[in-house]
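# Analysis of the macromolecular model
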Amino acid sequence: MLSSPVFRPLSGKKAGNGLVPFARGSVVALALVVLASAVTACKDRNYNAPGLSESTQRSTVLAPAPTPLATVAPESVDNRSAKGGLLASADEFNGTPEHPRFQLKSDYPLKPDFLTSSPPEPNMVVLRGADALAAKRASQEWLEAMQSYIYEDMNSQDTSNANANFRLADTAHEPASVSSKRWYHMPWLHTPGALAAKPGRGRDGIWGLTRELDMLTTSEANWPLITSSACMGTNWGIGFFNEPGGYAIGQVFPKGDLTFPEKGVFPKGTVSFKILFTSVTPSALPALEGAWTIEALVNGKGACGKASNSAREITPLRHIQMDVMMKWGDGPSDWIFGNYVFNKARKGDYWQGMEPLGVQFGVKQEQTIVTSPTFSANGFRGRLNGPADNPKASCFSCHARAQWPEPSFALLPFAPRNDADTVNICVLHEWGGEGPGKCRACGASGCLAEGKEPVFLGAVSLDYSLQFGLALRNRENAFSLAKALAGKAN
Ligand code: HEC
């Protein structure tokens with residue numbers, strides 16, 4: 001049986017509250033845990049990739065021995081320093097009245113006694129019930145109620161300047177009503193990691209957007225379905241967390257240079273939403289005509305693929321999609337995802353034509369409910385995804401993968417490598433006690449019990465937050481960079 005993993009703190013320090021923080025040494029600890037366990041199949045929340053031999057798993061998780069981090073510049077690695085975790089953007093840009101500089105909201109609640117109203121609850125009994133029509137109606141109602149909850153004091157901050165909306169911690173624009181109390185940002189997303197001199201995929205200086213998957217080719221007829229893998233432009237997004245979400249963020253990234261990934265458990269009532277924008281223009285994709293247009297400091301044109309460090313310039317971006325996720329219960333997988341897509345024909349019905357597409361509350365096909373009368377879902381075999389997402393994956397399957405240390409792509413990619421990729425299809429799309437045959441790689445008993453997440457032996461779940469994973473990775477890279485710089489100075 002797996003016992004609690006052993007984690008070594010950075011520079012040998014122990015946390016004052018008795019919890020042992022994660023550190024670079026955790027990767028090695030993970031390797032040891034895997035080596036030490038005579039793993040059979042799948043265990044509770046911890047999961048051993050099916051279909052891979054034990055030796056493959058060993059060689060993939062083995063990492064180089066950690067080196068002590070003696071002389072790091074403290075400010076640059078402090079979670080709550082404006083030069084460390086709270087650096088809003090690495091862009092050298094002071095902001096102008098038309099393009100105010102992005103400010104990070106990080107006064108995370110210290111206690112779970114929240115001041116703002118709870119978010120609209122989905123009716124899970126109806127959503128899971130046999131009456132498909134009632135389930136669709138309840139999904140639509142929840143999606144519309146979430147739009148009101150999200151937009152309040154966010155989309156109306158400045159009606160004369162699109163770029164002065166969805167602002168937090170920005171005294172010139174943010175009204176001191178709901179938005180200032182309700183929403184927070186994730187720290188550590190400014191950094192491109194080892195290439196700190198260049199902003200890379202990190203937050204832009206105007207909106208705080210981070211770079212997403214490139215926009216793949218679609219056609220007007222197939223909108224919003226992606227039809228081929230050629231790149232049309234870049235996609236950018238910014239996520240927000242409500243009070244319960246902000247509380248969990250503050251627990252994982254307290255003041256100082258330690259992190260506590262195991263505290264990344266969101267309270268019931270957590271909401272995160274993300275607004276997404278694309279550099280693709282209506283001349284390339286007429287379906288985008290009339291979409292809400294903002295300006296951000298990004299590398300849009302011709303920056304497809306790996307050219308993420310090409311120069312950034314002020315670029316018009318169109319609002320293509322909005323994503324939302326909510327922890328509706330206390331169970332480890334009690335999440336519901338929702339998606340909205342720009343529909344130029346529905347501009348009169350929804351703010352900026354953001355039409356609800358549907359919801360997803362589990363990984364199986366029947367756990368997606370499409371509500372849009374126009375569009376179908378863009379995910380794996382009909383599962384929920386928007387046009388800016390990887391069509392071989394789905395909201396729930398990608399996010400269920402959130403854990404620390406992050407699993408390698410070789411072990412568990414975000415999407416199946418091909419149709420025969422039973423490892424990924426089973427783990428990310430079919431888990432939950434499916435019979436043999438349906439889920440061959442998992443073995444006769446099914447791999448993971450209903451309600452559990454595919455979390456590897458020795459790793460901790462990040463409770464469906466992939467921004468947590470990214471932030472933790474960026475912060476590790478910041479340590480490596482600080483160490484390299486300290487080495488140069490000596
Ligand atoms: C291919 C994998 C993938 C798919 C599919 C996907 N996401 Fe994400 N999502 C990510 C990653 C990676 C991040 C973190 C980085 C970022 O914010 O860009 C993220 C971030 C988010 C966030 C910010 C909160 C957080 O910490 O994760 C929300 C909200 C979100 N996604 C919702 C959705 C919804 C809703 C869908 C489906 C419509 C979806 N995602 C589909 C990979 C995915």
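The rules behind each value
Residues numbered from 1 in each chain as written. Predicted model: local features only at pLDDT ≥ 70, side-chain atom pairs only at ≥ 80, totals over all residues. Helix = DSSP H or I, 4+ residues; strand = E, 2+ residues; numbered from the N terminus. Buried ≥ 20, exposed ≤ 12 C-beta atoms within 10 Å, placed from the backbone. Contact = placed C-beta atoms within 7 Å. Near = placed C-beta within 6 Å. Nonpolar A, V, L, I, M, F, W, Y, C, P; charged D, E, K, R; others polar. Core = buried A, V, L, I, M, F, W, Y, C linked by C-beta atoms within 7 Å. Expected span 1.5 Å × (residues − 1). pLDDT = per-residue confidence, 0-100.

### Quick notes on the overall build of the chain
Summing up its helical and strand segments, the chain has 10 helices and 14 strands in all. Taking all 490 residues of the chain together, 49% fall into the buried category. By sequence separation, contacts in the chain at least 24 residues apart represent 64% of the contacts at least 6 residues apart.

### What to know about the site of the ligand
With respect to spatial proximity, 28 residues lie near the ligand, and among them Asp-323, Cys-395, Cys-398, Leu-466 and Gln-467 are the closest. Only β5 (235–241), β6 (271–278), β8 (313–327), β9 (335–342), α8 (395–400) and α10 (466–489) provide two or more residues apiece to the shell around the ligand. At 4 residues, the largest contribution of residues to the shell around the ligand is made by α10. Taken together, the residues that form the shell around the ligand break down as 12 nonpolar, 12 polar and 4 charged.

### Observations concerning the nonpolar core
In terms of nonpolar packing, the biggest core is built from 91 residues, with Ile-249, Ala-296, Val-324, Phe-337 and Val-359 touching the most fellow members. Dropping the residues within four chain positions of it, Phe-337 is found in contact with Met-325, Val-359, Gln-360, Leu-384, Cys-395 and Phe-396.

### Describing the environment of Gly-338
Following the sequence through the fold, Gly-338 ends up in strand β9. For the pair Gly-338 and Val-324, spaced 14 residues apart in sequence, the C-alpha to C-alpha distance is 5.0 Å.

### Focus: the environment of Ala-145
Following the sequence through the fold, Ala-145 ends up in helix α5 (residues 132–151). Sequence separation between Ala-145 and Glu-121 is 24 residues; the distance between their C-alpha atoms is 9.0 Å.

### Focus: the environment of Ser-310
Inspection of the secondary structure puts Ser-310 in the loop between β7 (293–298) and β8. Taking the C-alpha atoms as reference, Ser-310 lies 9.2 Å from Val-298; in sequence the two are 12 residues apart. Non-local contacts of Ser-310, meaning those with residues more than four positions away in its chain, are made with Asn-299 and Ala-303.

### Considerations on α5
With 20 residues, α5 should cover 28 Å at 1.5 Å per step; its first-to-last C-alpha distance of 29 Å lies within 8% of that length. All of the buried residues in α5 are Ala-138, Ser-139, Trp-142, Leu-143, Met-146, Gln-147, Tyr-149 and Ile-150.

### Details of helix α7 (residues 243–252)
Most of α7 is tucked away, with 10 of its 10 residues classed as buried. For α7, the full list of buried residues reads Glu-243, Pro-244, Gly-245, Gly-246, Tyr-247, Ala-248, Ile-249, Gly-250, Gln-251 and Val-252.

### Quick notes on unusual backbone geometry
Omega for the bond connecting Trp-223 with Pro-224 falls within 30 degrees of zero, at 0°, which places this linkage in the cis form. Here Pro-224 lies in the loop between β3 (215–218) and β4 (226–233). That bond from Trp-404 to Pro-405 is cis: its omega, -5°, falls within 30 degrees of zero. Of note, Arg-381 is a non-glycine position whose phi angle comes to about 45°, a positive value. With respect to the secondary-structure elements, Arg-381 resides in the loop between β11 (368–370) and α8.

### Some remarks on the confidence of the model for the chain
Residues at a pLDDT of 70 or more form 73% of the chain, whose mean pLDDT is 79. Throughout residues 1–70 the model reports pLDDT below 50, and contacts reaching past four residues in sequence, or to other chains, amount to 117 contacts. For the stretch residues 432–449, pLDDT sits under 50, and the model shows 35 contacts to residues farther than four places along the chain or on other chains.

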